[in-house]
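Listed here are the chains, written in short residue letters.
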Amino acid sequence: MSKQKGFMVTNRGLSPRVRLVLLGLAVAILVPSSGCMLLDLSGKSAMNELVSNGTGSSYTVMIKGDKPATKEISEGMTLQKVLQECGAIKRFGRMDVVVQRVIPGKQMRHRLSVDFDPKKRRIPFEQDYTVHPNDIVTIVPDNSTHLDRMVDSITGVLNVKR
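A few points on the structure. Quantities reported herein were computed from a predicted structural model and do not represent experimental measurements.

## Observations concerning helix α3 (residues 79–86)
- Listed as buried for α3 are Leu-79, Gln-80, Val-82, Leu-83 and Cys-86. All buried residues of α3 lie within an arc of 160° about the axis, which places them on one face of the element.
- Residues of α3 that are buried make contact with β3 (58–63), β4 (69–72), α4 (88–91), β5 (95–102), β6 (109–114) and β7 (136–141).
- Of the residues flanking the end of α3, it is Gly-87, one or two places downstream, whose phi is positive at about 80°.

## Overview of a nonpolar patch on the surface
- Taken together, the side chains of Leu-147, Met-150, Val-151 and Ile-154 make up a nonpolar region of the molecular surface, amounting to roughly 380 Å² of accessible area.
- Relative to the elements of secondary structure, Met-150 occurs in helix α5 (residues 146–155).

## Things to note about the sheet that holds β3
- Ordered by their spatial adjacency, 5 strands build an open sheet running β4-β3-β7-β5-β6, and the pairing between neighbours is mixed. In this open sheet, the two edge strands, each paired with only one partner strand, are β4 and β6. With strand direction ignored, the average angle separating the axes of adjacent strands in the sheet is 25°.
- With 6 bridges joining them, β5 and β7 adopt antiparallel strand pairing. Residue pairing across strands places Asp-96 opposite Val-140, the latter belonging to β7.

Conventions we followed
Residues numbered from 1 in each chain as written. Predicted model: local features only at pLDDT ≥ 70, side-chain atom pairs only at ≥ 80, totals over all residues. Heavy atoms only, no water. Buried < 20%, exposed > 50% of the residue type's maximum accessible area, 1.4 Å probe, protein only. Helix = DSSP H or I, 4+ residues; strand = E, 2+ residues; numbered from the N terminus. Arc of directions from axis to C-beta. Contact = heavy atoms within 4.5 Å. Patch = residues over 30% accessible without salt bridge, like charges linked within 9 Å, V, L, I, M, F, W, Y side chains within 5 Å. Areas by Shrake-Rupley, 256 points an atom, 1.4 Å probe, with all protein chains shown as cover. Salt bridge = Lys/Arg side-chain N within 4 Å of Asp/Glu carboxyl O. Pairing = 2+ DSSP bridges. Axes fitted to C-alpha atoms, helices over the stretch in contact; angles between N-to-C directions.

Right under this line is the structure:
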């Protein structure tokens with residue numbers, strides 16, 4: 001054994017298989033905990049461009065795989081109506097819905113995660129928010145299987161969206 005800058009170095013290392021398993025575990029732990037910044041390649045300028053294209057009474061719908069669409073708000077419009085109008089309820093059995101809302105007086109957005117009940121095909125009443133001007137509604141299909149959801153509920157570790 002030799003000593004180098006406070007670390008012990010041995011000639012006997014871990015087998016390649018053990019190293020691969022440890023590397024896989026490190027990636028599995030670090031990637032989900034790093035947040036959405038790994039997946040957000042659009043940057044803030046694209047978000048600001050979406051908001052600037054709308055009028056004072058419009059919102060933007062972003063469905064994964066489609067182009068963002070800016071639409072006018074009708075009186076008393078809720079998220080359930082947004083899902084119906086954009087066709088997401090017919091297209092997807094399960095989905096993740098997120099609303100990004102401008103915080104008055106600040107240059108940032110608040111993220112509101114919304115549950116969607118696939119059996120009832122609707123958003124629960126307590127989360128069926130009224131749509132505000134300049135809201136961005138993001139809809140991502142949830143393609144997880146029953147086995148994925150069961151493992152998720154048991155372990156709570158694999159909270160990775162597909």
